[in-house]
Amino acid sequence: MIALLQRVTEAKVVVDGNTIGAINNGLMVLVCAERDDTEKQADALLTKLLAYRVFSDDAGKMNRSVTDVQGGLLLVPQFTLAADTNSGTRPSFTPAAPPELGKQLFDYFVTQARNKHAQVETGSFGADMKVSLTNDGPVTFWLKTK
């Protein structure tokens, strides 16, 4: 699985003019399942994500996790992260999980996140989403499990 996480001061997802998920300080995370992923990869990615130190401590060093700072999580399904862009000028999405598996793993990921973290908001799988955010730093990291 893949996660593109961005440290934000605010982020939201809008579908059909309605805000369906929003956070203030925390992480906006684009989440993608790849073709051979299982719940094992989802669990490993979530464990890493919740412990990943991207927030500043008192000395200004990135030593605090979203859990440490009690920040929000906005989880947004994003299958295009699995795109193969190695040839041509049009991405191939062959590495991405089929929609049924992608939705199943995203829903599992969200459920597990809600069991382990206080504030979890989400986008909507398969929807035409408008995502806006204020990246803090900017700080952006790519996490991937195998």
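Reading the values: the criteria
- Residues numbered from 1 in each chain as written.
- Predicted model: local features only at pLDDT ≥ 70, side-chain atom pairs only at ≥ 80, totals over all residues.
- Heavy atoms only, no water.
- Helix = DSSP H or I, 4+ residues; strand = E, 2+ residues; numbered from the N terminus.
- Expected span 1.5 Å × (residues − 1).
- Buried < 20%, exposed > 50% of the residue type's maximum accessible area, 1.4 Å probe, protein only.
- Arc of directions from axis to C-beta.
- Contact = heavy atoms within 4.5 Å.
- Salt bridge = Lys/Arg side-chain N within 4 Å of Asp/Glu carboxyl O.
- Core = buried A, V, L, I, M, F, W, Y, C linked by side-chain atoms within 4.5 Å.

**Looking at helix H1 (residues 39–51)**
Inference 1: Helix length check: H1, at 13 residues, gives a terminal C-alpha distance of 18 Å against a target of 18 Å (1.5 Å per residue), a fit within 8%.
Inference 2: For H1, the full list of buried residues reads Gln 41, Ala 42, Leu 45, Leu 46, Leu 49 and Leu 50. One side of H1 holds all its buried residues, which, seen down the axis, span an arc of 155°. Residues of H1 that are exposed and point more than 90 degrees away from the buried face comprise Lys 40 and Ala 51.
Inference 3: Contact partners of the buried residues in H1: strand E1 (2–15), strand E3 (26–32), strand E6 (72–77), helix H2 (99–116) and strand E8 (129–144).

**Considerations on the pattern of salt bridges**
Inference 1: In this structure the tally under the stated criterion is five salt bridges.
Inference 2: Between Lys 103 and Asp 107 there is a salt bridge; the shortest N-O distance is 2.8 Å. Here the residue Lys 103 and the residue Asp 107 both occupy positions in helix H2, the gap between them amounting to four residues, near one helical turn.
Inference 3: On the accessibility criterion, Asp 107 (33% relative accessible area) is partly exposed.
Inference 4: Across the salt bridge formed by Asp 128 and Lys 130, the nearest N and O atoms sit 3.4 Å from each other.
Inference 5: For Asp 128, a relative accessible area of 53% puts it in the exposed group.

**Topic: the nonpolar core**
Inference 1: Grouped together as the largest cluster of nonpolar side chains are 27 residues, with contacts concentrated most on Met 1, Leu 27, Val 29, Leu 49, Leu 73, Leu 75 and Phe 109.
Inference 2: Of all elements in the fold, only E1, E3, H1, E6, H2 and E8 reach the threshold of two or more residues within this core.
Inference 3: A total of six residues in this core trace back to one element, the largest contributor, which is H2.
Inference 4: Excluding anything up to four places from it in sequence, Phe 109 contacts Met 1, Val 31, Ala 42, Leu 45, Leu 46, Leu 49 and Leu 75.
Inference 5: If you look at the next biggest cluster of nonpolar residues, it comprises 16 residues, including Val 13, Leu 30, Cys 32 and Ala 82.

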